[in-house]
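Commentary on secondary and tertiary structure
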Amino acid sequence: MRFDVVTLFSEMFSALTKWGITGRACEQSLASVHLWNPRDFCTDPRKTVDDRAYGGGPGMVMMAKPLEDAVYGIKASHQVAGIKSGPICLLSPQGEQFSQKIATDIISYGNLSLICGRYEAVDQRFVDRNVDLQLSIGDFVLSGGEIPAMAMMDAVMRLIPGALGDGESAAQDSFMNGLLDYPHYTRPEIYENLSVPDVLLGGHHAKIADWRRQKSLELTFRLRPDLIATARAKGLLTREDEQFLRSL
Ligand code: 4H7
């Protein structure tokens, strides 16, 4: 999976490329992150990437030209590599809500380009001419698109075959089955007078699986009833699941 990221702050991406599961995926070349600085595409000596907003108001606007030239650079580089360019995505508070479903869709594109906005906004003409989709990680405003880009890239990288180690499985991740995760426990068996549920100590694997499934269902029912409705509509709930839900 290849990511091309247009950002004024390329160093931020070492948080993703140097650490943990995403760092390992990059090291093993299961994922690659290509960073593009719009400043490198400026032609003026000052390397200007922002300017005041037409119509007035506070804050600066990212200029269309350096961003568009960076996108042309990305597309030329895809051509050299002999790959078809995937979607160009702007991380934006106005975007469609990112989800596990979208993460699985992105994997199938093979490559994705991410545009990270800074300052007050991005010139709309760059968006209209170059951006295929806008994604948001939630209803809040950030100073830049870098953190949303990294959040999305992390979610996508976990889905690359081989990116997770033996102990980790994307298929078992919460949300892959449409439900919230069940509670987890590790040593010690008693912590501050609180014990681990008996069933987890018994070694009866079928009983443990049933308990975990029921905890997932119960938590999802109480905290995110909307997810139960969606899982039901997708046929992800068994007759036993439905019977258990009725008992709550
Ligand atoms: C595109 C356009 C994503 C990107 C405008 C990005 C939240 C999210 C950004 C802006 C983002 C999200 C620039 C508008 C900074 C606000 C103060 C970057 N914020 N910004 N301004 N929810 N900001 O996914």
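Our structure's up above, just so we're on the same page.
What this report covers is the structure whose coordinates are included nearby.

How each quantity is defined
Residues numbered from 1 in each chain as written. Predicted model: local features only at pLDDT ≥ 70, side-chain atom pairs only at ≥ 80, totals over all residues. Heavy atoms only, no water. Near = heavy atom within 4 Å. Polar contact = N/O pair within 3.5 Å; in protein donor to acceptor, adjacent residues only side chain to side chain. Areas by Shrake-Rupley, 256 points an atom, 1.4 Å probe, with all protein chains shown as cover. Pairing = 2+ DSSP bridges. Helix = DSSP H or I, 4+ residues; strand = E, 2+ residues; numbered from the N terminus. Axes fitted to C-alpha atoms, helices over the stretch in contact; angles between N-to-C directions. Contact = heavy atoms within 4.5 Å.

So, about the site of the ligand. The full set close to the ligand counts 16 residues, and Tyr119, Ile137, Gly138, Phe140 and Leu142 are the nearest of them. In the environment of the ligand, a nitrogen atom lies 3.1 Å from a nitrogen or oxygen atom belonging to the backbone of phenylalanine 140. A distance of 3.0 Å separates a nitrogen atom of the ligand from a polar atom in the backbone of leucine 142. Computed on the free molecule, the ligand has an accessible area of 520 Å², of which 88% lies beneath the protein chains in the complex.

As a further point, take the sheet that holds strand E6 (residues 111-116). Taken in spatial order, the five strands line up as E2-E1-E6-E5-E8 in an open sheet, and their pairing is parallel. Each edge of the open sheet is held by one strand with a lone partner, namely strand E2 (32-36) and strand E8 (133-136). When the angles between neighbouring strand axes are averaged without regard to direction, this sheet yields 40 degrees. Sheet topology places strand E1 (residues 2-6) next to E2; five bridges connect them, and they run parallel. Within E2, the residue paired with aspartate 4 across the bridge is histidine 34. Packing of helix H3 (residues 64-81) onto the sheet brings it into contact with E1, E2, strand E5 (88-97) and E6, and relative to E1 it is tilted by some 160 degrees.

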